[in-house]
Amino acid sequence: MRWAVRIRDALNQNLFEIDCQTITSLKNPSERGRYFEILLRMRDPMTGQRLLPGYFIPAAERFHLGTQIDRHVVELVLGWMEKHPEAAETVSGCSINLTAASMVDESFSQFLKTRILTSSFSARKIIFEITETSAIANLGRVTDFIRTLKALGCQFSLDDFGTGMASFDYLRTLPV
């Protein structure tokens with residue numbers, strides 16, 4: 001329960017920070033453009049330590065705070081890209097993880113559509129990463145969510161593929 005309070009405080013005090021981890025093609029390492037995945041960290045206000053997601057994401061999911069964190073991350077990423085258009089121009093793909101709760105939350109879907117449509121950062125450069133277990137938990141709604149955002153130009157990928165118990169037949173129905 002203390003983690004839920006800490007997460008809410010971190011959201012209110014803007015203590016979440018993002019890093020970028022480069023993604024390089026093993027097949028074609030000289031591929032043009034920059035691809036990276038967004039990594040989330042939470043700054044501890046007492047120690048200044050940057051906490052890895054393993055500390056706070058399980059509590060965020062348990063206490064239904066994942067959608068709030070996802071909104072915050074989208075705002076951080078798009079806000080940074082909009083303030084740094086010269087850097088954003090060099091980006092070919094920016095991967096952002098989404099929680100299962102966000103994909104079935106209609107208000108999050110509406111927020112995301114509006115935010116993407118009003119951003120100067122191209123939707124074609126956004127790749128949302130979802131886990132296979134979260135995708136099949138509510139297959140119909142997740143598929144609708146993916147199709148809606150793909151229509152705006154966004155891309156999707158499966159994160160941690162093969163670690164869940166999802167049937168390949170389920171996964172073939174997802175437009176990822």
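If you're wondering where the values come from, they're calculated on a predicted model, not measured in any experiment. (Residues numbered from 1 in each chain as written. Predicted model: local features only at pLDDT ≥ 70, side-chain atom pairs only at ≥ 80, totals over all residues. Heavy atoms only, no water.)

Draft legend 1. Molecular detail of the overall build of the protein chain. Broken down by element type, the protein chain carries nine helices and six strands. A separation threshold of at least 6 residues defines the contact pool for the protein chain, and within that pool the share at least 24 residues apart is 74%. (Helix = DSSP H or I, 4+ residues; strand = E, 2+ residues; numbered from the N terminus. Contact = heavy atoms within 4.5 Å.)

Draft legend 2. Region of interest: the packing of helix α6 (residues 106-117) against helix α8 (residues 139-151). The N-to-C vectors of α6 and α8 enclose an angle of 10°; their axes lie 11 Å apart at closest approach. The angle between α6 and α8 places the two elements in the roughly parallel class. Each of Glu106, Phe108, Ser109, Leu112, Lys113 and Ile116 in α6 lies in contact with α8, whose residues at this interface are Arg141, Phe145, Thr148 and Leu149. In the contact of α6 with α8, the residues fall into five nonpolar, two polar and three charged. (Axes fitted to C-alpha atoms, helices over the stretch in contact; angles between N-to-C directions. Parallel < 35°, antiparallel > 145°, perpendicular 65-115°, else oblique. Nonpolar A, V, L, I, M, F, W, Y, C, P; charged D, E, K, R; others polar.)

Draft legend 3. Examining the state of the cysteines more closely. In the structure shown here, the tally under the stated rule is zero disulfides. There is no disulfide at Cys94, and the cysteine sulfur nearest it, in Cys20, is 6.4 Å away. On the accessibility criterion, Cys94 (0% relative accessible area) is buried. (Disulfide = S-S within 2.5 Å. Buried < 20%, exposed > 50% of the residue type's maximum accessible area, 1.4 Å probe, protein only.)

Draft legend 4. How the structure looks around the nonpolar core. Counting 43 residues, the largest nonpolar core has Ile7, Phe16, Cys94, Leu112, Phe128 and Phe145 as its most contacted members. The set of elements that each furnish at least two residues to this core consists of α1 (2-12), β2 (34-43), α2 (53-62), α3 (66-83), β4 (91-97), α6, β5 (126-131) and α8. In terms of residues, this core owes the most to one element, α3, which gives six residues. Each residue touching Ile7, except ones within four places of it in the same chain, is listed here: Phe16, Met42, Phe56, Ala59, Ala60, Leu65 and Ile69. (Core = buried A, V, L, I, M, F, W, Y, C linked by side-chain atoms within 4.5 Å.)

Draft legend 5. Structural view of α8. For α8, built from 13 residues, the straight-helix expectation of 18 Å at 1.5 Å per residue is met to within 8% by its first-to-last C-alpha distance of 18 Å. Considered for burial, the residues of α8 that qualify are Val142, Thr143, Phe145, Ile146 and Leu149. An end-on view of α8 places all buried positions within 160° of arc, on one side of the element. At the C-terminal side of α8, Gly153 shows a positive phi close to 115°. (Expected span 1.5 Å × (residues − 1). Arc of directions from axis to C-beta.)

Draft legend 6. Quick look at α6. Over its 12 residues, α6 extends 17 Å from the first C-alpha to the last, a length consistent with the 16 Å expected when each residue adds 1.5 Å. Those residues of α6 that fall on the buried side of the exposure criterion are Phe108, Ser109, Phe111, Leu112, Arg115 and Ile116. Seen end-on, α6 carries its buried residues on one side only, within an arc spanning 160°. Summarising the geometry of α6, the exposed residues directed more than 90 degrees from the buried face are Glu106 and Leu117.

Draft legend 7. Quick look at unusual backbone geometry. Phi angles above zero are rare outside glycine, and Asn14 is one such case at about 55°. Among the secondary structure elements, Asn14 is positioned in the loop between α1 and β1 (16-22). Of note, His64 is a non-glycine position whose phi angle comes to about 60°, a positive value. Structurally, His64 can be placed in the loop between α2 and α3. Judged by its relative accessible area of 69%, His64 falls in the exposed class.

Draft legend 8. Highlighting the pairing of β2. Counting buried residues along β2, seven of its 10 residues qualify, which places the element largely inside the surrounding structure. Summarising the sheet, β1 and β2 pair through seven bridges and their orientation is antiparallel. The partner of Cys20 across the bridge, within β2, is Ile38. Pairing analysis gives four bridges linking β2 to β4, with the strands arranged parallel. If you follow Phe36 over to β4, its bridge partner there is Cys94. Alignment of β2 against strand β3 (residues 50-51), held across two bridges, turns out to be antiparallel. Pairing of Arg43 across the sheet is with Arg50, part of β3. (Pairing = 2+ DSSP bridges.)

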